[in-house]
Amino acid sequence: MNILAFESSCDETAAAVVRDGRTVLADAIASQAEMHTIYGGVVPEIASRKHVEAIAGLTDQALAQAGLTKRDVDAVAVTYGPGLIGALLVGVNFAKALAYGLGVPLVPVHHVRGHIAANYITHLDLEPPFVCLCVSGGTTLIVDVRGYTEMEILGATRDDAAGECFDKVARVLGIGYPGGAPMDRLSQGGDDRRYAFPQVHVHDAPLDMSFSGLKTAVINLIHNAQQKGEKLDLPGLAASFSAAVSEMLVPRVMAAARSRDYGKVAVAGGVAANSRIRADLEAACARSGDRLYLPRLSLCGDNGAMIGCQGYYEYLAGRRAGMDLNAYANRDIQLG
Ligand code: KG4
């Protein structure tokens, strides 16, 4: 079964063709990140307009890459939330028109479920159940993936997402947008104990997380140093900050894994590319005996292949959308 899949929830427009869930025939992506860099973050209206410009060409590119024509498409899958509403609507409306025109089913896909599915493409043997840490620019969740379309949130951030925290600190340092990858590079070789940052524990919710206090502490440290004309140890700052983020995430996902005892831990989303978090998870899983599943680096960020993969499992579960499908800025992963 060939699924043509679309992703346009933030600043990447993507069209992919995925066969039978796990075989990626084509994955075409147009990133707008460079354009948003000058603003230090995504400008939603510009993002929507760029999606409109890119989506039809990417569709042709994906079909050509797959060696298929539109007539070979058996279903259309699309990210319908969560994300920037104007950006999502571009993908949703394009997918609707295509599904209607081709007379094939339209399958709505939750963006974060898509990120989780990036692991199925990377690890062909992976099947639920497993515990997954979902960390991206807009989401930080610990999810019990009981089945391909059956999920329970075990822990969530109470404020910012981990990726947002990386992006805001990087913006204050002036090292670019999105900030996660440059922060990661800056941290290489830095002393992770150079600066001490606060760790938050949410009372009565041990698996919940919080990043806003950490973000403020780092930004205050940078501003204070700037005001006093002091020079910061930037690799040490980036390494200490990355260690603090990892310290918030890794013990909690490992505690969640212990509570479920599936023996399998996965990670999903753009922040899954972070070298410190990956290394800490590898060490923690080596200690606990859990098998760790990390998505291929190229599949950590937003892409269409992950939507095509999850779209297949949603399709098998009977999920269909009509021409009244809407986009949602916020959408509970448990509802799909
Ligand atoms: O999954 P994604 O591409 O988009 C969303 O769905 O949000 O994630 C983007 C986020 C950004 O916040 C970016 O800074 C972060 O992932 N990111 C990283 C790294 N690479 C990307 N954060 C930390 N370390 C990285 N190496």
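Residues numbered from 1 in each chain as written. Predicted model: local features only at pLDDT ≥ 70, side-chain atom pairs only at ≥ 80, totals over all residues. Heavy atoms only, no water.

> What should I look at first to understand the pairing of strand 9 (residues 264-268) in this one?
Two faces make up the sheet, and in a regular strand the side chains alternate between them. In terms of burial, strand 9 is a largely internal element, 5 of the 5 residues being buried. Here strand 9 shows two buried faces, one formed by Lys-264, Ala-266 and Ala-268 and the other by Val-265 and Val-267. As paired elements, strand 6 (residues 130-135) and strand 9 share 4 bridges and run parallel to each other. Within strand 9, the position partnered with Cys-134 by the bridge is Ala-268. Sheet topology note: the strand 9/strand 10 (residues 291-293) ladder contains 3 bridges and is parallel. For Ala-266, the partnering residue across the bridge sits in strand 10 and is Tyr-293. (Buried < 20%, exposed > 50% of the residue type's maximum accessible area, 1.4 Å probe, protein only. Helix = DSSP H or I, 4+ residues; strand = E, 2+ residues; numbered from the N terminus. Pairing = 2+ DSSP bridges.)

> Where do I start with the nonpolar core in this structure?
Taken as a class, soluble globular proteins show a tendency for nonpolar side chains to be buried jointly. Residues Phe-211, Leu-214, Phe-241, Val-245 and Leu-281 are the most contacted members of the largest nonpolar core, which totals 45 residues. Elements with a contribution of two residues or more to this core: strand 6, helix 5 (162-173), helix 7 (212-228), helix 8 (234-260), strand 9 and helix 9 (275-288). It is helix 8 that contributes the most residues to this core, 12 residues altogether. In contact with Leu-281, not counting residues within four places along its chain, are Leu-133, Val-250, Val-253, Met-254, Val-267 and Leu-292. Among the nonpolar cores identified, the runner-up in size contains 33 residues, and Ala-75, Val-112, Leu-141 and Ala-268 belong to it. (Core = buried A, V, L, I, M, F, W, Y, C linked by side-chain atoms within 4.5 Å. Contact = heavy atoms within 4.5 Å.)

> Just checking my understanding: could you explain helix 4 (residues 111-122) for this structure?
An α-helix turns once per 3.6 residues; consequently, residues spaced three or four apart project the same way. Its 12 residues give helix 4 an end-to-end C-alpha distance of 17 Å, which sits within 8% of 16 Å, the value for a rise of 1.5 Å per residue. The element helix 4 is largely enclosed, with a buried count of 11 among its 12 residues. Those residues of helix 4 not exposed but buried are His-111, Val-112, Arg-113, Gly-114, His-115, Ile-116, Ala-117, Ala-118, Asn-119, Tyr-120 and Ile-121. (Expected span 1.5 Å × (residues − 1).)

> Would you mind showing me how to read the sheet that holds strand 10 here?
Paired through backbone hydrogen bonds, the strands of a sheet run either parallel or antiparallel to each other. The strand order across the open sheet built from 5 strands is 8-7-6-9-10, with neighbouring strands paired in mixed fashion. This sheet does not close on itself; its edge strands, each paired only once, are strand 8 (150-156) and strand 10. The average undirected angle you get between the axes of adjacent strands in this sheet is 25°. Here strand 7 (residues 140-147) pairs with strand 8 via 6 bridges, running antiparallel. Residue pairing across strands places Val-145 opposite Met-151, the latter belonging to strand 8. (Axes fitted to C-alpha atoms, helices over the stretch in contact; angles between N-to-C directions.)

None of the figures reported here should be taken as evidence of function without further support.
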